[in-house]
Amino acid sequence: AQKITQTQPGMFVQEKEAVTLDCTYDTSDQSYGLFWYKQPSSGEMIFLIYQGSYDEQNATEGRYSLNFQKARKSANLVISASQLGDSAMYFCAMREVNAGNMLTFGGGTRLMVKP
Amino acid sequence: DSGVTQTPKHLITATGQRVTLRCSPRSGDLSVYWYQQSLDQGLQFLIQYYNGEERAKGNILERFSAQQFPDLHSELNLSSLELGDSALYFCASSPGWRILSSYEQYFGPGTRLTVT
């Protein structure tokens, strides 16, 4: 079974609007962390936001927020006020403490922001 | 700039050859992770080292090997290269191992390997 599932291969959003990128995960560990990374066309992996499994509040970092629903095992990324520079691939990833801290990535969502 | 450096940035080589990719972690980070990003396999974890010792192995082929040196830099060796090994290889580093905290793994810029 896939550990991280991103069901949206590609999405369009109008500039200045908000967009939600979906991510569901599968783990039996109690201690885990969820991450979102952005990969622009230049190829580098840019960390956006982190949510720990024990965090009670949803994480926020500037225009990024993570909608964490533990019971549903979902960790959706919300980008508010989209900008043209947000066009990129977005990857959801999970780190399980008992698995040694490596990241398991989803297949990614390509976001395209329209002017 | 994440503080993680990788060399070379691009590498073009022929099938059957052997190459070495180099990674220097962020100052103070003891863990190094190698990931492969290819069109058909996506982003997948290959191997992790912590303070010179191998700690975890993912989907790493037997033709591939890695090591972490006393100065904490790491090298990924790819041998008997095949066309399917063409990919972007990332190195990432983090302070520790088996610790749940809010630190992210800091990724290097990657080495793009093309096997012809």
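Residues numbered from 1 in each chain as written. Chains lettered and ligands numbered in written order. Predicted model: local features only at pLDDT ≥ 70, side-chain atom pairs only at ≥ 80, totals over all residues. Heavy atoms only, no water.

The helix and strand inventory of chain B stands at 0 helices and 11 strands. Each helix and strand of chain B, ordered N terminal to C terminal, gives the series β-β-β-β-β-β-β-β-β-β-β. By principal-axis analysis of the C-alpha atoms, chain B measures approximately 40 × 30 × 30 Å. Here chain B, with 116 residues, has 50% of them falling under the buried criterion. (Helix = DSSP H or I, 4+ residues; strand = E, 2+ residues; numbered from the N terminus. Buried < 20%, exposed > 50% of the residue type's maximum accessible area, 1.4 Å probe, protein only.)

Here we take up the state of the cysteines. All names here are of chain A. On inspection of all chains with the given rule, the structure shows 2 disulfides over all chains. Here C23 pairs with C92 through a disulfide, and the sulfurs are 2.0 Å apart. Torsion about the S-S bond of the C23 and C92 cystine: about -65°, corresponding to left-handed handedness. In this pair, C23 sits in the loop between β3 (19-21) and β4 (24-25) while C92 sits in strand β10 (residues 88-96), placing the two residues 69 residues apart along the sequence. The residues C23 and C92 share a single accessibility class, namely buried. (Disulfide = S-S within 2.5 Å.)

Before going further, it helps to examine the sheet that holds strand β3 (residues 19-24) of chain B. Residue and element names in this part refer to chain B. Here 4 strands make up an open sheet; going across it, the order is β1-β3-β8-β7 and the pairing antiparallel. Whereas interior strands pair on both sides, the edge strands pair on one side only; in this sheet they are β1 (5-7) and β7 (64-68). Pairs of neighbouring strands in the sheet enclose a mean axial angle of 15°, with direction left out of account. (Pairing = 2+ DSSP bridges. Axes fitted to C-alpha atoms, helices over the stretch in contact; angles between N-to-C directions.)

A separate point is the pattern of salt bridges. Taken as a whole, this structure holds 8 salt bridges over all chains when the rule is applied. Here A:R63 and A:D86 are joined by a salt bridge, their closest N and O atoms 2.8 Å apart. Remark: A:D86 occurs in the loop between β9 (74-79) and β10 and A:R63 occurs in the loop between β7 (60-61) and β8 (64-69); sequence separation between them is 23 residues. Between B:R22 and B:E75 there is a salt bridge whose closest N-O contact spans 4.0 Å. With a gap of 53 residues between them, B:R22 in strand β3 and B:E75 in strand β8 (residues 74-78) connect regions that are remote in the sequence. Judged by relative accessible area, B:R22 falls into the partly exposed class, the value being 34%. Relative accessible area serves as the criterion here: at 18%, B:E75 is assigned to the buried category. (Salt bridge = Lys/Arg side-chain N within 4 Å of Asp/Glu carboxyl O.)

To continue, consider unusual backbone geometry. Most peptide bonds take the trans configuration, and most residues that are not glycine carry a negative phi. A cis amide bond links B:T7 to the next residue, B:P8, at an omega of -10°. Note on placement: B:P8 falls in the loop between β1 and β2 (10-13). One non-glycine residue, A:K16, adopts positive backbone phi at about 80°. By the element assignment, A:K16 lies in the loop between β2 (10-14) and β3.

Moving on, we get to the environment of A:V19. Residues and elements named next belong to chain A. Examined against the element boundaries, V19 turns out to sit in strand β3. Separated by 60 residues in sequence, V19 and I79 have C-alpha atoms that sit 5.4 Å apart. Excluding its chain neighbours within four sequence positions, the residues that come into contact with V19 are M11, V13, L77, V78, I79, S82 and L111. (Contact = heavy atoms within 4.5 Å.)

For the rest of this paragraph, the subject is the side chain of A:S82. All names here are of chain A. Looking at where S82 falls in the secondary structure, it is placed in the loop between β9 and β10. Look at S82 and you get buried, because its relative accessible area is 2%. Separated by 2.7 Å, the side chain of S82 and the backbone oxygen of E17 make a polar contact. Other than its neighbours up to four places away in sequence, S82 contacts V13, Q14, E15, K16, E17, V19, R63 and V113. (Polar contact = N/O pair within 3.5 Å; in protein donor to acceptor, adjacent residues only side chain to side chain.)

A few words now on the environment of A:S42. Residues and elements named next belong to chain A. Mapped onto the secondary structure, S42 falls in the loop between β5 (32-39) and β6 (46-52). Residue classification places S42 among the exposed positions, given a relative accessible area of 52%. Residues S42 and K73, spaced 31 residues apart in sequence, show a C-alpha to C-alpha distance of 31 Å. Here E44 takes part through its side chain, which lies 2.3 Å from a polar atom of the side chain of S42.

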